[in-house]
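# A structural walkthrough
If you want the building blocks of each chain, they are given just below.
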Amino acid sequence: MKLKINGLDALIEDLENISNKGLISKGALVKAGEELKEEIKKDTPKDTGTARECLTVYPKIDTKKLKVVKVGFDDTKNDWNKWKGAYFNHYGFHLSYFGVKTGKYIDKHRGWFDKSLSKHKTKLENELMKELENEIGKLL
């Protein structure tokens, strides 16, 4: 008795294509990163100068098995002096006036970047899941 399954070759070919390119494209990750960047801009402390304009999104790793997009501040993309206010607000700083240390440690906005990421994490995950469902829908 023979068993014949129609379409098995097409299914194997589709699975090979998925494994070669990955389900979520680099463009979809960059798009989700851009949305996250806009949300982080809203959460950036107001007294950080031009730091809001220095947020960047770019692909960090793009291989067959792993795709990573970096969202944040980077001194290779922007000048450190433009976004150092956001850095020091995130980690806290020792206050000094005209070079004289006051002994005060300012941590009012400490951890603002991490809080912003955790606040918008579920929204970002939902966007990526929608993109994944669209990619799977195209294959079926």
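This section reports on the structure supplied with the text. (Residues numbered from 1 in each chain as written. Predicted model: local features only at pLDDT ≥ 70, side-chain atom pairs only at ≥ 80, totals over all residues. Heavy atoms only, no water.)

## Digging into the packing of aromatic side chains
- What the rule picks out here adds up to nine aromatic pairs.
- With 5.0 Å between their ring centres and 85° between their planes, Trp-80 and Trp-83 make a pair best called edge-to-face. Here Trp-80 and its partner Trp-83 are both found in helix H3 (residues 80-91), three residues apart, which amounts to about one turn of the helix.
- With relative accessibility at 31%, the residue Trp-80 sits in the partly exposed group.
- With centroids separated by 5.3 Å and ring planes inclined at 80°, the aromatic side chains of Tyr-87 and Phe-88 adopt a geometry described as edge-to-face.
- Looking at Tyr-87, the relative accessible area reads 34%, which means it is partly exposed.
- Residue Phe-88 is classed as partly exposed on the basis of its relative accessible area, which comes to 35%.
- Of the aromatic side chains, those joined through ring pairs into one cluster are Phe-73, Trp-80, Trp-83, Tyr-87, Phe-88, Tyr-91, Trp-112 and Phe-113.
- The ring of Tyr-58 has Lys-77 sitting right over it, with the charged end atom 4.4 Å from the ring centre. (Phe/Tyr/Trp six-rings, centres within 6.5 Å; stacked < 30°, edge-to-face > 60°. Helix = DSSP H or I, 4+ residues; strand = E, 2+ residues; numbered from the N terminus. Buried < 20%, exposed > 50% of the residue type's maximum accessible area, 1.4 Å probe, protein only. Lys NZ or Arg CZ within 6 Å of the ring centre and 35° of its normal.)

## A few points about the pairing of strand S3 (residues 93-97)
- Inspection of the sheet shows S3 paired to strand S4 (residues 100-106) by four bridges, in the antiparallel sense. Among the inter-strand pairings, Phe-93 is bridged to a residue of S4, identified as Ile-106.
- With antiparallel pairing between neighbouring strands as the criterion, S3 and S4 make up a hairpin whose turn holds two residues, including Phe-98 at a positive phi of roughly 50°. (Pairing = 2+ DSSP bridges.)

## What about H3?
- Here H3 contains 12 residues, and its C-alpha end-to-end distance of 15 Å stays within 8% of the 16 Å for a straight helix at 1.5 Å per residue.
- Every buried residue of H3 is listed here: Trp-83, Ala-86, Asn-89 and His-90. Angular distribution of buried residues about the axis of H3 spans 110°; they occupy a single face of the element.
- Two residues or fewer past H3, Gly-92 is found with a positive phi of approximately 90°. (Expected span 1.5 Å × (residues − 1). Arc of directions from axis to C-beta.)

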